[in-house]
Amino acid sequence: MARPASDVQILDLVTTALAQDRPSGLSEMLRSVASALDADGAILWQLAPPSSSRAGWMFLLADWFREPPRWLVHEMPVYGSITGEAIRRQETRNVVTAADLWAHHDRFLRDGQINAFCSVPVSFGEGDPVHNGGAVNLYRQQPGGFASSELQHAERVASLVPSLYHSIRGRVSVNLLAAVARRESPDLIHRVVQFTAPLL
């Protein structure tokens, strides 16, 4: 069983995330989350907007694994998945025997020898988290799942992830704008700013 996530581990997560200024920084943030909970991997999922053609699906925003998986799911249905259920119910799900899902559910779990995982719902903004939410999934190869104290700490750490994600995304966007500004005309810069401003 992992040690509870201490204030030092949470400070490490925040410090790591705030130091990132490239898209790969999201993976570094998830590395800190996984390390704080003795997990072998982590995925950050976000729901597709309800008005989009992909409503009812969630998409992988970022991932980190101690050993990169050979096969990784990049989208998943909200209905019919454990992660989707965690988001819909706004309750953390703890899958103690993921191996039971190998045969009929998920090649990713089988190929990665994932024996346990938890899915912690998060909210990416104001309003209904079922429509603007997502989840942080933590994966272990060691069987046995996460203890209740570990789930509490996973919830505490995961609650920080959306804000840190937005912070990293904002810095990446600013760096992109700066790179364009060094190379391009003022007209193009203006168009890029108009396009990216709603995303920040």
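Bear in mind the structure is a predicted one, so any value in this text is a computation, not a measurement.

Conventions adopted
Residues numbered from 1 in each chain as written. Predicted model: local features only at pLDDT ≥ 70, side-chain atom pairs only at ≥ 80, totals over all residues. Heavy atoms only, no water. Helix = DSSP H or I, 4+ residues; strand = E, 2+ residues; numbered from the N terminus. Buried < 20%, exposed > 50% of the residue type's maximum accessible area, 1.4 Å probe, protein only. Contact = heavy atoms within 4.5 Å. Areas by Shrake-Rupley, 256 points an atom, 1.4 Å probe, with all protein chains shown as cover. Pairing = 2+ DSSP bridges. Axes fitted to C-alpha atoms, helices over the stretch in contact; angles between N-to-C directions. Salt bridge = Lys/Arg side-chain N within 4 Å of Asp/Glu carboxyl O. Phe/Tyr/Trp six-rings, centres within 6.5 Å; stacked < 30°, edge-to-face > 60°. Polar contact = N/O pair within 3.5 Å; in protein donor to acceptor, adjacent residues only side chain to side chain.

A few words on the overall build of the protein chain. Helix and strand content of the protein chain: 8 helices and 6 strands. Going through the 200 residues of the protein chain one by one, you find that 44% of them count as buried. For the protein chain, the proportion of contacts with a sequence separation of at least 24, taken over those separated by at least 6, is 59%. Carbon and sulfur atoms provide 55% of the accessible area of the protein chain, an area that totals close to 10,500 Å².

Let's shift gears to the sheet that holds strand β1 (residues 41-47). Taken together, 6 strands build an open sheet; the order of strands is β3-β2-β1-β6-β5-β4 and the sheet is antiparallel. The sheet is open, and its two edges are formed by β3 (75-77) and β4 (93-95), each paired on a single side. The sheet shows a mean angle of 25° between the axes of neighbouring strands, direction not considered. In the sheet, β4 pairs with strand β5 (residues 116-123) via 3 bridges, with the strands oriented antiparallel. Across the sheet, Asn94 pairs through a bridge with Cys118, a residue of β5.

Most of strand β6 (residues 133-140) sits inside the fold, with 8 of its 8 residues counted as buried. Judged by which residues are buried, β6 turns out to be covered on both faces: Gly133, Ala135, Asn137 and Tyr139 on one side and Gly134, Val136, Leu138 and Arg140 on the other are all buried. Sheet analysis places β1 next to β6, joined by 6 bridges and oriented antiparallel. Pairing of Trp45 across the sheet is with Ala135, part of β6.

Regular strands show a simple pattern: their side chains alternate between the two faces of the sheet. In terms of residue burial, β5 counts as a mostly covered element, since 7 of its 8 residues are buried. Both β5 and β6 contribute to a ladder of 8 bridges, which runs antiparallel. The residue of β6 that forms the bridge with Val120 is Val136.

A pair can form between side chains of opposite charge whenever their charged atoms are brought close. What the rule picks out here adds up to 6 salt bridges. Across the salt bridge formed by Glu28 and Arg31, the nearest N and O atoms sit 3.0 Å from each other. Of this pair, Glu28 and Arg31 both sit in helix α2 (residues 25-36), 3 residues apart, roughly one helical turn. Using a relative accessible area of 26% as the deciding quantity, one classes Arg31 as partly exposed. When the shortest N-O distance is used, the salt bridge between Glu85 and Arg93 registers 2.5 Å.

Further remarks concern the packing of aromatic side chains. This structure, assessed with the given rule, holds 4 aromatic pairs. Taken together, a centroid distance of 5.7 Å and an interplanar angle of 75° make the contact between Phe65 and Phe108 edge-to-face. Taken together, the positions of Phe65 in strand β2 (residues 57-65) and Phe108 in helix α4 (residues 107-111) put the pair 43 residues apart, joining distant regions of the chain. Relative to Tyr139, the ring of Phe108 has its centre 5.2 Å away and its plane inclined at 90°; by these criteria the two rings are edge-to-face. Of this pair, Phe108 sits in helix α4 while Tyr139 sits in strand β6, placing them 31 residues apart in sequence. Across the pair, exposure class does not vary: Phe108 and Tyr139 are buried alike.

Time to look at the environment of Met58. Relative to the elements of secondary structure, Met58 occurs in strand β2. On the accessibility criterion, Met58 (0% relative accessible area) is buried. It is 9.3 Å that separates the C-alpha atoms of Met58 and Ala135, two residues lying 77 residues apart in sequence.

With respect to the helices and strands, the residue Ser81 is situated in the loop between β3 and α3 (82-89). Residue Ser81 is classed as buried on the basis of its relative accessible area, which comes to 6%. Reaching out from Ser81, the side chain makes a polar contact with the backbone oxygen of Pro77 at a distance of 2.7 Å. With residues up to four places along the chain from it excluded, the contact list for Ser81 reads Met58 and Met76.

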